[in-house]
Each structure stands twice: as structure tokens, then as C-alpha cells.
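Coordinates in review
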Amino acid sequence: MKTSSLWMIATVCLMASASAAQARSAYDGSWDLVFMTQRGTCDPSYNFTVNISDGIVTHPNLVKFRGYVAKSGSVRASVTVHEKFASGTGRLTGTSGGGRWSGHTGGERCSGYWTAQRN
């Protein structure tokens, strides 16, 4: 009886650790982002670093930042800082990525592209 209980506990532990390992994203880690403005009166470029953990994109100083990376590498994110708002989509590969963004600052609309490099 004790032996079968130990095997059941060991199996459950292995299944739990396998699930936790699967939750990790291939894109987890630190990424440097560059946003370039092509249209509008926003700043010409923005640079900052984000962290990806389990597919969730975060920035330590931006409270209103939401982002997600799917297993396929597809990215969706948005950020609000005071009167500025931007959202974007794109794709990450193993070490780089890019996409498009659009947003506004005050009443002015802006758009452009972004690039990413894994740190």
C-alpha cells in the first residue's frame, strides 16, 4: 500500500513539474525594443527593455503596460503613459522580432514600426 502511494505521489510531482516546464515560453527573457515613428508628431523614436515570462510581457516602470506572446511568436501589446497611448502587433523569433504600432499623444495620431533584440 505504501509503495503504490509513493508511486502515485512521484507521478503527480513529475506531472506538475512537466506542466510548469511547458508553461515557460520560448521567448522568456529580456528584450530591447526600438519604436520608430513614421507618421505623426510623436517623438521620433522610443527605446526601452521589457521582460517576457511565461509569455507575459512586462516593464518594471510602466504600470499600464499589457503584452502577450503566443507560442507561435505572435505579439500583442499596449501601453498608456499619461496622455500617450500606443498599441502594436508583430512577431518574435528566437533572437529578434518586429511589427507595427499606432497610437496617440494628446489629440495627435502617430504610427510606425518596432524592432526587438533578445538580450
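Refer to the preceding data block for the structure.
Residues numbered from 1 in each chain as written. Predicted model: local features only at pLDDT ≥ 70, side-chain atom pairs only at ≥ 80, totals over all residues. Heavy atoms only, no water.

**Details of the overall build of the protein chain**
Where we set the bar: By definition, any uninterrupted DSSP run of H or I lasting at least four residues is a helix, any uninterrupted run of E lasting at least two residues is a strand, and each is numbered from the N terminus. Throughout, exposure labels follow a simple rule: accessible area from a 1.4 Å probe, protein chains only, divided by the maximum for the residue type, with under 20% read as buried, over 50% as exposed, and the rest as partly exposed.
The helix and strand inventory of the protein chain stands at one helix and eight strands. Along its sequence from the N terminus, the protein chain presents helices and strands in the succession α-β-β-β-β-β-β-β-β. Burial statistics for the protein chain: of 119 residues in total, 27% are counted as buried.

**Structural notes on unusual backbone geometry**
Positive phi values are uncommon outside glycine, yet Asp 54 reaches one of about 55 degrees. Examined against the element boundaries, Asp 54 turns out to sit in the loop between β2 (45-53) and β3 (56-58). The partly exposed category is assigned to Asp 54, whose relative accessible area is 39%. Even without a glycine there, the phi angle at His 82 is positive, about 55 degrees. Mapped onto the secondary structure, His 82 falls in the loop between β5 (74-81) and β6 (84-92).

**Details of the side chain of His 59**
Defined as follows: Identification of polar contacts relies on pairs of N or O atoms within 3.5 Å, with a donor-acceptor requirement for protein atoms, meaning one able to donate a hydrogen and the other able to accept it, and with residues adjacent in sequence counted only if both atoms are side-chain atoms. Pairs of residues are marked as contacts when any of their non-hydrogen atoms sit within 4.5 Å.
Assignment of secondary structure puts His 59 in the loop between β3 and β4 (65-69). A relative accessible area of 16% places His 59 in the buried class. From its side chain, His 59 meets the backbone nitrogen of Asn 61 in a polar contact 3.1 Å long. Beyond its immediate chain neighbours, meaning those up to four positions away, His 59 contacts Phe 48, Thr 49, Val 50 and Phe 65.

**As for the environment of Val 79**
Following the sequence through the fold, Val 79 ends up in strand β5. Overall, the relative accessible area of 17% leaves Val 79 in the buried class. Expressed as a C-alpha distance, the spacing of Val 79 and Lys 64, which sit 15 residues apart in the sequence, is 5.6 Å.

**Some remarks on the side chain of Thr 37**
Mapped onto the secondary structure, Thr 37 falls in strand β1 (residues 29-39). Among all residues touching Thr 37, those that are not within four sequence positions of it are Cys 42, Asp 43, Pro 44, Tyr 46, Trp 101, Cys 110 and Ser 111.

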